[in-house]
Amino acid sequence: MNGPPDTIRVLHVDDEHDFADLTATFLEREDDRFTVETATSASAGTAQLEQRQFDCVVSDYDMPGQNGIAFLTSVREQYPDLPFILFTGKGSEEVASDAISAGVTDYLQKEGGTDQYAVLANRITNAVEHQRAQQRVERSEQRLREIVDALPHLLYVVDEDGDYLLANEALATFHDTTVADIEGSNIAAVLDAPAAEQFRQHIAEVLEAGTTKRIFELEIDDSDGQTHVFEPRLQPYKFGDVDNRAVLGIGADITERKTHERTLERTRERMQLALEHTNSVIFEIDCDTGEVVRHGAYSEFFDLSADEVLTWEDHLTRAVHPDDRDQFQQFYQQLVDGKRDSGQLEYRTTPEMGDVRWIRDTVSVKNDSDSGSRQALGIAREITEHKEREQELQRKERRYQAVFDDPNILVGLIDTDGTVLEINETAMDYVDATRADVTDEPFWETPWFNHSESLQEDVRGWIERAADGEYVAFETDLVQPSGEQYTVEGVFRPVRDADGDVVSLIISGREITEQKEYERELEQTNALLSTLFDTLPVGVLAEDEQRNVVAINEQMFELFDLPGSPDEIRGTDCAGLAADVSDVFADSEGFVDRIGDLIAGQEPVYNEEIELADGQTYARSYHPIDLSDGGGHLWVYRDITARKTRETRLATLNETMPELMAAETRTGVAEIGIEAAANVLGLEASAIHLYDEQDGLVPVAQTDAGNDLIGEPPTFTGEGSIAWRVYEQGEALATEDVHDNPDIYNPDSPVRSELILPLGEVGILIASSPTEATFDEEDRVLGEILASNITAALEQVERTAEIRAREAELERQNERLEEFASVVSHDLRNPLRVVEGRLELLKEDCETEQVAPIERALDRMDALIEDILTFAREGNRVSEMEAIDLREVCEACWQHVETAEATLEITTDKTIRADRSRLQQLIENLVRNAVEHGGEDVTVSVGDLETGFYVADDGPGISADERESVFDAGYSTADDGTGFGLSIVKQVADAHGWDITITESEAGGVRFEITGTEHA
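Residues numbered from 1 in each chain as written. Predicted model: local features only at pLDDT ≥ 70, side-chain atom pairs only at ≥ 80, totals over all residues. Heavy atoms only, no water.

Under an unreviewed UniProt entry, the name given to the protein chain is histidine kinase, and the organism recorded is Haloarcula terrestris. Under the UniProt heading Catalytic activity (unreviewed entry), the entry covering the protein chain gives this text: "ATP + protein L-histidine = ADP + protein N-phospho-L-histidine." (UniProt positions renumbered as here; feature names shortened; annotations may be inferred.)

And the structure:
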């Protein structure tokens, strides 16, 4: 059972079928990476494991037949590394102990509720991810081991007196002697005098310093006088119970490698240049000490020397933004404490260093099982531009190498006629035979060579030549009993007696299979690195201090249309090369001068924009570099014309927004929109259809190119068209060929590809083309931006029309109110004045008790007319706003109202902004309301609220069910009230944008709270 790399395949074994299915359901809900198979017995689970591949097994303990522990044991026999979680309802220390002894990955007891499935999912994820990570580490270590073990080494331990305490076969073979002869002897007896003296000095220096020393390119002659080049590494070493101090030496014979060294060095330099140009910092944290080793552009990132910032905590305090330090501290503390194995962290640099930049750290913890130490390996990249433009980031990993000895020496003694006299155990390990099987047999007839008759003849010839006194070196391919082929190199050496006669032969050899494989891998690596350099998506050129080309890739040739090839141009003068290509730039002289300035300044420059004569734009980066024979300069060029074009189109789109928003009609917006689509985005054949409830999507604007292509655009009236489907779904669609779509509106249409952009619920914008696959992702993204602008403009036109309609309605209402006010003022007051005059004459002619009620009725009618006029004419309008002292206006209003024996208490000193005359209307009406309903001795109080003020009294109050009605025009509980007083209060509050509510006062009366006022 295979799946995507992140799929987690789980086998759940439980004799309760329903519980197994329930667990599978909850696990797959917890994490969509889970795929769960179930089995109701251990035997069924074993069968599933044989048929499918799983990432984890979850098993119950108490099951019929084979229980969970026995099942675990059988699984471990076949799948030792497969994560196995015991998920059981029978929990005990004994079961847990047995499970751990059997190699269980995790142990979890079943509980009630559904939370246990989240815990189980987490345990499964952790186990699988840990096992996958372990597999990756093992594969990585195996690859490194294969490379390292392919190197031959000389290994020895020498004490401070120069005596060999330990030597290996490789050292003995090199000096044409035996290990027994070397061990216990002095270096003076093994090496020539100058070499021995030099060796003593190295030993003394290592022991005195107490540190490892590497000796580069040490030349030593072997027993045959041939010079070999070694690269020894010496370090202090405690050898057994010996009292003398000693040195462990490992010498790698690099003679054969020297011929490849120059090519390899040049390849590594190019790779290092490419790595440095990525602008990264590679670091390793010792989790025990917190110390950090860094490589790369640390000083460029943080304006700090790596030597000044020794630990990650130093980096925290000196380089990390104050606002990001907590998360930085938590992230790295978890890594150091072992609570986290890996992760990514993004943070900013401190503003004290200048411009704030974003950095992303990608870190993984490596555990050394031998030493128990833990190192956090990481890479830091500047992602400032990536943050701004949401670009992908790249990751790098650090490789570590170690050196170990694996000589694989094969030694045999042969008679001059080829008869095997003796052979060592190392040689016997390569054949399925015993010493007795090969002793006294012709060497060419032994199992090493019986797979090839031609090889047997070669061996026989080598022996004959050696028996004649010749030193015969050979290299040949052999086959192990398993059928695996391996390569051996060695020599047949004649052994002479005192008279110089050859009496026997010694054959010595070593397996070089891994070395040969390493050489092949090295050639492949060099080819890979060379290919990587040549195929980078940017132009790269490296020059030395004399400004000669060191390396150049094919992309540079494409950018500058250079003649020839990289090999032909290597070594030429870069200054002349720059002058030759300068004509392609708008400022050719400035291009050349700027190169000179950058070289003189020796400061890195990144993404410097240069205009070409044809309108294109290149970005240039410069970085001073160190080469093996001095300094140099690295140049990187890339074509950013497409990016600049996108930026220009985006800016132009933004410029069209004010014009769109200024349009007053839907048609005007549509015409501006299609003009922008054609001129800015290149959508030449385009049209805008706006939705109409009766007709559907009606065309309101079309470009001339659109008319030339399709003629009069159709009206889309419902399902059955691609356009209507896009409008309903509200998602943009780019169709490569509309004729392949079953919803095509017109099968005979000359249109092949379309880009349809929804305009919210308002309509759609359609761009058409007579060719297939015309519209790409950039067209879609920029088109959506234009569509959103058009949508906003259309919605504004709609809102503006609604506002104008509302204003017209309000104007008509005001005219009707003015007519009403005129009628009230003239047609009602004139008759009242006549009645008042006649009443005065009546009072003079006679005395009657009927006069007083008539006067009161006239007064009430006059007050009612005054309130109606105020209500009608003032409405929800305020005039000039000014700062008003609330205490002062309350005192003035008190004087204008007949208050009898009432009392005013003011506890506010607040100043608010209001229309003075209208505020006076509000307060006077509230005071008049208190006196009319609270009695002649009522107490009125005015005080502060957090966002306004209140007016309260100690009268009878207003019941809760009447508080909403009192603001209605004409509502009154008093016999002589007009019913407009509190309506005017509400009207004044609304005109100012205030809120007014009614509550009960502390004295049990009514309290009016006015909130939302503006403090002056």
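So, next bit.
K.L.:
So what's going on with the packing of aromatic side chains? Residues and values would help.
P.N.:
In the structure shown here, the tally under the stated rule is 26 aromatic pairs. Centroid distance Phe328 to Tyr347: 5.0 Å. Interplanar angle 80°. Geometry classified as edge-to-face. Residue Phe328 is located in helix H13 (residues 325-337), and its partner Tyr347 is located in strand S14 (residues 342-348); the two are separated by 19 residues in the primary sequence. The class of Tyr347 is buried, set by a relative accessible area of 1%. Judged by centre distance (4.6 Å) and plane angle (40°), the ring pair of Tyr622 and Trp635 falls under tilted. (Phe/Tyr/Trp six-rings, centres within 6.5 Å; stacked < 30°, edge-to-face > 60°. Helix = DSSP H or I, 4+ residues; strand = E, 2+ residues; numbered from the N terminus. Buried < 20%, exposed > 50% of the residue type's maximum accessible area, 1.4 Å probe, protein only.)

K.L.:
Mind laying out the confidence of the model for the protein chain, listing which residues take part and the relevant values?
P.N.:
Mean pLDDT for the protein chain: 81, with 85% of residues reaching 70 or above. Low pLDDT (under 50) marks residues 147-151, which in the prediction has 14 contacts with non-local residues, meaning those over four places away or in another chain. Here residues 391-407 scores under 50 on pLDDT; set against residues more than four positions off or in separate chains, the count is 34 contacts. (pLDDT = per-residue confidence, 0-100. Contact = heavy atoms within 4.5 Å.)

K.L.:
Got a sec to walk through helix H23 (residues 641-662)? Specific residues and values, please.
P.N.:
In this model, H23 (22 residues) spans 33 Å end to end at C-alpha, consistent with the 32 Å of a helix rising 1.5 Å per residue. When we look at burial in H23, the residues that qualify are Thr641, Arg643, Arg649, Leu653, Thr656 and Leu660. (Expected span 1.5 Å × (residues − 1).)

K.L.:
Now, about the pairing of strand S26 (residues 630-639): what can you tell me, with residues and values included?
P.N.:
Judged by how many residues are buried, S26 sits mostly within the fold: seven of 10 residues are covered. Sheet topology note: the strand S22 (residues 539-544)/S26 ladder contains six bridges and is antiparallel. Note that in S26 the partner of Glu543 across the bridge is His633. The pairing of strand S25 (residues 617-627) with S26 spans 10 bridges and is classified as antiparallel. Residue pairing for S26: Asp626 is matched across the bridge by Gly631. Following S25, the chain reverses through two residues before pairing antiparallel with S26. (Pairing = 2+ DSSP bridges.)

K.L.:
Residue-level account of the sheet that holds strand S4 (residues 84-88), with values.
P.N.:
With respect to topology, five strands assemble into an open sheet ordered S2-S1-S3-S4-S5, the strand pairing being parallel. A strand with exactly one partner marks an edge of an open sheet, and here the two such strands are strand S2 (34-39) and strand S5 (106-109). Each strand axis lies, on average, 20° off the axis of its neighbour in the sheet, ignoring direction. Inspection of the sheet shows strand S3 (residues 56-59) paired to S4 by three bridges, in the parallel sense. The partner of Val57 across the bridge, within S4, is Phe84. Here helix H3 (residues 68-78) sits on the sheet and contacts strand S1 (8-13), S3 and S4; the angle it forms with S4, its principal contact strand, is near 170°. (Axes fitted to C-alpha atoms, helices over the stretch in contact; angles between N-to-C directions.)

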